[in-house]
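If you want the building blocks of each chain, they are given just below.
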Amino acid sequence: MRRAKYGLTLLGLVIAFLLLIGQEAYRSWQVVKADAATDARNLTQILASRLELEFGAAERVVSVIAADFDPKLLRPERVRREQSSVSRWLRSHRHAITSASALRIFDAAGNRLYTSMDGEQGVLNIADRDFFQAICKQPTAAKIFYSDVLTGRYTGRASMYISQPLLDAQKHFLGAVIAVIDVSVLQEDLQKLDLGPSGLIALRRMDNGALLIRYPGKIEIQNKPDPQIPIRMAILQKHEPRGTLEVASPIDGVQRTLGYQVLANQPFFITVGLAEDTYSAEWREHVRVLGFSAMAFIGILGGVFYRLYRSELKQAQDEHALRDSEERFRTIADYTYDWEYWLSPEGGVLYVSPACERVSGYTPEEFYADPGLLDRIVLPEDIPLYREHLHTLETHVSAQVVFRIVCKSRDVRWIAHGCRRVIASDGRDLGRRVNNRDITDLKLAEQRAHELAFFDALTGLPNRRMLLDRLDQALLQATRFQRPMAVMFIDVDHFKAINDRFGHEAGDTLLRQIALRLVSCVRSVDTVARSGGDEFIVILSELTDPQDVRLVAEKMALSFHDPIPFGTDQLHATLSIGIAVRAAHGSEGAATLMRRADMAMYAIKSAGRNGHRIWSPGDGTTVAV
């Protein structure tokens, strides 16, 4: 009777243990799937940010070119005469777009007039291209037009064309500014991500679901509309610009967890797919280990079961310890991405992932030995923010914050820091779990995007966009404090001749040195900007006396008495400076001051260059300073 009793008990325990193994396998599978969805979503966000930055830079460049381009340069006689200078101007803008192979300007008939690409010769017409025909038919339908992926007629490479129409005052179509994006450069960036042998990255159009870029290969259906693709339908039906789906690819039949995100300002969405066979490999190994462990456990359990009835109290204690052990395992397993650690309620370090060394330079052993190191590596300027975060955790289950840390190498890195309090099933405080994600590259990308938007790539001076903003601020200050101010338009005399004689490198060197010398001639409150080509604009704010502009102009001219060295040659430069002064009680706006300064500059150029003039209403034009 007793043997049957313990036999049934043993059978019940075996069944319960198998159920527990099955439950653990199912739970761990859910964790694996959740982690895969998180990874796919995070990778999608990173790639979307990169593409938004790249496409955004291209949009800004073509917009700046379209805004600054003089429609008179479309005339045939001007094309022949200005070909070299406009091409140099385009090349100076192309460097702001990493993936651009060329910047081109086409007339209304689709003929290429200007290009930034060295050595590009012959006739190139794109009138038969669908995207160009769409611009011609409805040039005001959008500010920026995106083409499908096409084979370039000149380069023979897969390219995407980002275009902005050139319009006259009546909105008539005059031509287009086009940035040619080399798709292979974008694909190289995609290939840097390790997604496993069956991973997938795809870029599709939002309007019709057409596939533009896919990695790896298999793009036989490239540019073919597919409006019913599941991800596009999910975006439209759920009104969610980002998320995850589990689908089998219609192209290769692979089951994947897909992360998707709609680009914020472009008509595309990107997907990143992690193959189920790849991310489940470790889980399958885990299940095999659990199976072998179960078999061993059952064998051992059968051999020692006869002692169980004498140790019921011990068994209860062991079961409690087992639950604690399982709970700790689940706590750590929930956070398996980036650098994570688990702190006890007393502040001790219970677990640190190996990724800590990659992010901070410190090993897990150093944190185990010195838990206070976790707080000391916070950058001193960010300590108040970090302390406020810890205070938030006293009343909240979880909290997130972004701050900087000082690595062991003394490098400073940005960290996205998330904390969650750990509460046991019986209500006990088990400390807090922490996840640290290194977002330094993202922060640097944001900083670079800001620099591209507001600073000239060649000289480092503010560009025209920042100049206009600072001019508006200077006008507000001048009006508020009733002080005079001035705007100077500066053109480098005979710059084209220097460029033609010594080459573009000499021209670039000359422009950089001119920028340095002009900055040295003004105060820190003033602004020196490069408006394009060989033209510079200076804002002199908070003048004590309007006649101080004479001293500044003379100082600028004097600074160019010494030649600029270039290799074994000497570059000599003179300036033509036009000046517009706003009196202390003046009411002129930015457009008026810039127009007057421009008129004064052209007046001094007509008078022989190498001088400066101030605009004067007395004679309707200008007066020599």
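The notes below deal with the structure included here. (Residues numbered from 1 in each chain as written. Predicted model: local features only at pLDDT ≥ 70, side-chain atom pairs only at ≥ 80, totals over all residues. Heavy atoms only, no water.)

Looking at the overall build of the chain
Put simply, the rule reads: In this text, helices come from DSSP runs of H or I with a minimum length of four residues, and strands from runs of E with a minimum of two, each type numbered from the N-terminal end. Within these notes, the globule rule equals 2.2 Å times the number of residues to the 0.38 power, and the radius of gyration is based on C-alpha atoms. In this scheme, a residue with accessible area under 20% of its type's maximum is buried, one over 50% is exposed, and one in between is partly exposed, where area comes from a 1.4 Å probe on protein chains only. Contacts are assigned to residue pairs with any non-hydrogen atoms lying within 4.5 Å of each other. Here the Shrake-Rupley method, with its probe set to 1.4 Å, supplies the accessible areas, and only the displayed protein chains count as covering residues. Residues scored as charged are limited to Lys and Arg (positive) and Asp and Glu (negative), so that His and the chain ends carry no count. A charged residue contributes its charge at one atom only: NZ of Lys, CZ of Arg, CG of Asp or CD of Glu.
Within the chain, the regular secondary structure consists of 18 helices and 24 strands. A globule of 625 residues ought to have a C-alpha radius of gyration of about 25 Å, yet the chain, at 34 Å, is considerably larger. With the principal axes as the frame, the chain shows a C-alpha extent of 125 × 60 × 50 Å. Burial statistics for the chain: of 625 residues in total, 45% are counted as buried. A separation threshold of at least 6 residues defines the contact pool for the chain, and within that pool the share at least 24 residues apart is 58%. Accessible surface for the chain amounts to roughly 32,400 Å². Of this, 54% is attributable to carbon and sulfur atoms. Across the chain, the centroid of the 76 positively charged side chains sits 2 Å from that of the 77 negatively charged ones.

Some thoughts on the packing of helix 14 (residues 464-481) against helix 18 (residues 590-606)
Test applied: Note on geometry: axes are C-alpha line fits, over the in-contact stretch for helices, and angles between N-to-C directions span 0 to 180 degrees. Should an angle lie under 35 degrees it is considered roughly parallel, over 145 roughly antiparallel, and from 65 to 115 roughly perpendicular; all remaining angles are considered oblique. Should the near helix be turned anticlockwise from the far one by less than a right angle, the crossing is left-handed, and should it be turned clockwise, the crossing is right-handed. Residue polarity is assigned by list, with Asp, Glu, Lys and Arg as charged and Ala, Val, Leu, Ile, Met, Phe, Trp, Tyr, Cys and Pro as nonpolar; anything else, Gly included, falls into the polar class.
At their nearest, the axes of helix 14 and helix 18 sit 10 Å apart, and the two run at 115° to each other. What the angle tells us is that helix 14 and helix 18 run roughly perpendicular. Both helix 14 and helix 18 take part in a crossing whose hand is right-handed. Counting all contacts with helix 14, which are made through Arg464, Leu467, Leu468, Leu471, Asp472 and Leu475, the residues of helix 18 involved are Ala590, Leu593 and Met594. Of the residues assigned to the contact of helix 14 with helix 18, the class counts are 7 nonpolar, no polar and 2 charged.

Quick notes on the environment of Thr151
Of note, Thr151 is situated in strand 4 (residues 150-151). In this structure the C-alpha to C-alpha distance between Thr151 and Phe55, which are 96 residues apart in sequence, comes to 19 Å. Not counting chain neighbours up to four residues away, the residues in contact with Thr151 comprise Arg129, Gly156 and Arg157.

A few points about the sheet that holds strand 15 (residues 412-423)
Threshold: Only strands that DSSP links by at least two bridges are regarded as paired with each other.
Ordered in space as 13-12-16-15-14, the 5 strands form an open sheet in which the pairing is antiparallel. With one partner strand each, in any of the chains shown, strand 13 (349-352) and strand 14 (398-406) form the two edges of the open sheet. Direction aside, the axes of adjacent strands within the sheet are offset by 20° on average. Where strand 14 lies against strand 15, 9 bridges are found, and the strand directions are antiparallel. Within strand 15, the position partnered with Gln400 by the bridge is Gly418.

A closer look at the nonpolar core
The line we're drawing: Definition used in this section: a nonpolar core is a set of buried Ala, Val, Leu, Ile, Met, Phe, Trp, Tyr and Cys residues joined via side-chain atoms within 4.5 Å.
Core analysis: the largest hydrophobic core is formed by 52 residues, its most contacted members being Phe55, Ile105 and Tyr114. The dominant element in this core, judged by the number of residues it contributes, is helix 1 (residues 2-68), at 14 residues. Excluding residues within four positions of it along the chain, Tyr114 makes contact with Phe69, Leu73, Arg78, Val79, Glu82, Gln83, Val86, Leu90, Leu103, Arg104 and Ile105. Within the second largest apolar cluster, 34 residues are counted, among which are Leu511, Met556, Ile564 and Ala573.

Section: the state of the cysteines
Rule in force here: Whenever a pair of cysteine sulfur atoms sits within 2.5 Å, that pair is classed as a disulfide.
In the structure shown here, the tally under the stated rule is 0 disulfides. Unpaired in terms of disulfides, Cys419 finds its nearest cysteine sulfur in Cys356, a separation of 16 Å. Judged by its relative accessible area of 3%, Cys419 is buried.

Quick look at helix 7 (residues 281-304)
Defined as follows: To estimate how far a helix should extend, the number of its residues minus one is multiplied by 1.5 Å.
Counted at 1.5 Å a residue, the expected span for helix 7 with its 24 residues is 34 Å, and the 35 Å between its end C-alpha atoms agrees. Buried within helix 7 are the following residues: Leu290, Ala294 and Leu301.

Comments concerning a nonpolar patch on the surface
This is how the line gets drawn: Candidates for patches are residues over 30% relative accessible area with no salt bridge; among them, like charges are joined within 9 Å and nonpolar side chains (Val, Leu, Ile, Met, Phe, Trp, Tyr) within 5 Å. One side-chain nitrogen of Lys or Arg within 4 Å of one carboxyl oxygen of Asp or Glu is enough to make a salt bridge.
Together, Leu8, Leu11, Ile15 and Leu19 give the surface a local cluster of nonpolar side chains, amounting to about 430 Å² of exposed area. Within the secondary structure layout, Leu8 lies in helix 1.

Quick look at the pairing of strand 15
Counting the residues in the hairpin turn of strand 14 and strand 15 gives 5 residues, including Arg410, whose phi is positive at 75°. The pairing of strand 15 with strand 16 (residues 429-438) spans 8 bridges and is classified as antiparallel. Across the sheet, Gly418 pairs through a bridge with Asn435, a residue of strand 16. In this structure, the hairpin formed by strand 15 and strand 16 is closed by a connection of 5 residues, where Gly427 is found at a positive phi of approximately 90°.

Here's the deal with the sheet that holds strand 9 (residues 242-248)
Pairing in this open sheet of 5 strands is antiparallel, and the strands run 8-7-11-10-9 from one edge to the other. Of all the strands in the sheet, the pair left with one neighbour each is strand 8 (211-215) and strand 9. On average, each strand axis in the sheet is inclined to that of its neighbour by 20°, with strand direction left out of account. Strand direction decides the pairing type here: strand 7 (residues 200-205) and strand 8, joined by 4 bridges, are antiparallel.

Topic: unusual backbone geometry
Even without glycine at this site, His239 takes up a positive phi of about 55°. Inspection of the secondary structure assignment puts His239 in the loop between helix 5 (230-238) and strand 9. Residue His239 is classed as exposed on the basis of its relative accessible area of 69%. For Arg410, which is not glycine, the phi torsion reads 75° and is therefore positive. Inspection of the secondary structure puts Arg410 in the loop between strand 14 and strand 15.

Some points on the pattern of salt bridges
With the rule as written, the count across this model stands at 23 salt bridges. Close ionic contact of Glu246 with Lys33 constitutes a salt bridge, the shortest N to O distance being 3.6 Å. Note that Glu246 is positioned in strand 9 and Lys33 in helix 1, a separation of 213 residues in sequence. When its relative accessible area of 41% is taken as the criterion, Glu246 is described as partly exposed. Between Asp182 and Arg157 there is a salt bridge whose closest N-O contact spans 2.9 Å. Here the residue Asp182 occupies a position in strand 6 (residues 173-182), and Arg157 occupies one in the loop between strand 4 and strand 5 (158-167), the gap between them amounting to 25 residues. Under the relative-accessibility criterion, Arg157 is labelled partly exposed at 40%.

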